[in-house]
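# Coordinate analysis (summary)
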Amino acid sequence: MLASLDQPPVRDQATACLKKLAVGQNKDFYEKHYYPLITGMGKKGGPYSPKVTACCLLPVAYPFLGEKSQSEFRALFKSFALEENSPLVRRAVAENIEAFANVVEKKVIRGDFYEIWQSLIVDTFDIIRIKALECAVIVARAFKKEETTEKFFKLIRFVDSG
């Protein structure tokens, strides 16, 4: 499948096509086609390329899936951020956390997504930390103002001094 190739231009174009094909489809389409496609791409131990594509497609399909499938998608996204060795997959998480945060419930952002963001902000790769900084606002919006100082500013200052 083209969306799983190691060649970024081909993979990115195939992913863009998959996103466009999803527009206007009914809920059954997502459960029947996108759910198995994305979960298949995200298999543990598999190559990084399909996981990068899966990161991009998760937010597209998520709103149209049932609760069980949504839960599996959140767990998959979290595993990409916290358990994946490939910096390219973690970068894909950082690049797509904002799109995903726009379609999940606030409690998910306050829980799993905050944990994901925390891991990205202290990643060993600069590009991942930069992407995490870019999405800090979307994650912070899920918290009360008084919580943001403790949860975000202190961590960002810590990273800056580290």
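Residues numbered from 1 in each chain as written. Predicted model: local features only at pLDDT ≥ 70, side-chain atom pairs only at ≥ 80, totals over all residues. Heavy atoms only, no water.

## Overview of the nonpolar core
Here is the rule: Here, nonpolar core means buried Ala, Val, Leu, Ile, Met, Phe, Trp, Tyr and Cys residues that are tied together by side-chain atoms lying within 4.5 Å of each other. Think of it in three bands: residues with accessible area under 20% of the maximum for their type are buried, residues over 50% are exposed, and the middle band is partly exposed, with areas taken using a 1.4 Å probe on protein chains only. Numbering of helices and strands runs from the N terminus; a helix is a DSSP stretch of H or I covering at least four residues, while a strand is a stretch of E covering at least two. The contact definition used throughout considers only heavy atoms, calling two residues in contact when any of these lie within 4.5 Å.
If you look at the biggest cluster of nonpolar residues, it comprises 50 residues, and the most contacted ones within it are Tyr34, Ile38, Phe73, Phe77, Phe113, Trp117 and Val139. Counting residues per element, this core draws most heavily on helix H6 (residues 106–121), at eight residues. Excluding residues within four positions of it along the chain, Phe77 makes contact with Cys55, Leu58, Val93, Asn96, Ile97, Phe100, Phe113 and Ile116.

## Observations regarding the pattern of salt bridges
Defined as follows: Salt-bridge detection follows one rule: a side-chain nitrogen of Lys or Arg within 4 Å of a carboxyl oxygen of Asp or Glu.
One pass over the full model with this rule turns up ten salt bridges. Ionic pairing is found between Glu72 and Lys68, a salt bridge with its closest N-O pair at 3.1 Å. Separated by four residues within a single helix, Glu72 and Lys68 lie in helix H4 (residues 67–82), roughly one turn from each other. Lys68 gets classed as exposed once you look at its relative accessible area, which sits at 65%. A salt bridge links Lys78 to Glu115; the shortest N-O distance between them is 2.9 Å.

## A look at the side chain of Lys51
Going by this rule: We call two N or O atoms a polar contact when they sit within 3.5 Å, provided that within protein one can donate a hydrogen and the other can accept it, with sequence-adjacent residues counted only if both atoms are side-chain atoms.
Along the chain, Lys51 falls in helix H3 (residues 48–61). At a separation of 3.4 Å, a polar atom in the side chain of Lys51 contacts the main-chain carbonyl oxygen of Gly46. The residues touching Lys51, leaving out its near neighbours within four places in the chain, are Met41, Gly42, Lys43, Lys44, Gly45, Gly46, Phe80, Glu84 and Val89.

## A short note on the layout of surface pockets
What counts is decided by this rule: Both cavities and pockets are sets of points on a 1 Å grid over the protein atoms alone; in a cavity a 1.4 Å probe fits but cannot get out, in a pocket the set is open with protein on both sides within 12 Å along at least five of seven lines, and lining residues sit with an atom within 4 Å of a point. Grid points are joined across faces, edges and corners, and a volume is the space filled by probe spheres set on the points.
Estimated volume of the largest pocket: approximately 150 Å³. Lining of the largest pocket is provided by Pro8, Arg11, Asp12, Tyr48, Val52, Cys56, Leu88, Arg91, Ala92, Glu95 and Asn96. Looking at the lining of the largest pocket, the elements that each hand over two or more residues are helix H1 (8–22), H3 and helix H5 (87–101). The element best represented in the lining of the largest pocket is H5, accounting for five residues.

## A few points about H6
We apply this condition: To get the bend at any residue, fit one axis to the seven residues that end at it and another to the seven that begin at it, then take the angle between the two axes.
Along its length, H6 reaches its greatest deviation from straightness, about 40°, at Phe113. Looking only at H6, the buried set comprises Val108, Ile109, Phe113, Tyr114, Ile116, Trp117, Leu120 and Ile121.

## Description of the packing of H5 against H6
To characterise two packed helices, one gives the angle between the axes of the helices and the distance between these axes. Filter applied, for reference: Angular values range over 0 to 180 degrees, each being the angle between N-to-C directions of two axes fitted as lines to C-alpha atoms, with helices fitted over their stretch in contact. Put simply, angles under 35 degrees are roughly parallel, angles over 145 are roughly antiparallel, angles from 65 to 115 are roughly perpendicular, and the rest are oblique. For any helix crossing, the convention is left-handed if the near helix is rotated counterclockwise from the far helix by under a right angle, and right-handed if that rotation is clockwise. Residues are sorted three ways: Asp, Glu, Lys and Arg are charged, Ala, Val, Leu, Ile, Met, Phe, Trp, Tyr, Cys and Pro are nonpolar, and all the rest, Gly among them, are polar.
Remark: H5 packs on H6, axes separated minimally by 11 Å, with the N-to-C direction vectors making an angle of 150°. In terms of their interaxial angle, H5 and H6 are classed as roughly antiparallel. Crossing handedness for the pair H5 and H6: left-handed. Of the residues in H6, those touching H5 at Arg90, Val93, Ala94, Ile97, Phe100 and Ala101 are Ile109, Phe113, Ile116, Trp117 and Leu120. Residue classes in the contact of H5 with H6 are distributed as ten nonpolar, no polar and one charged.

Keep in mind that these numbers describe shape and distance, not what the molecule does.
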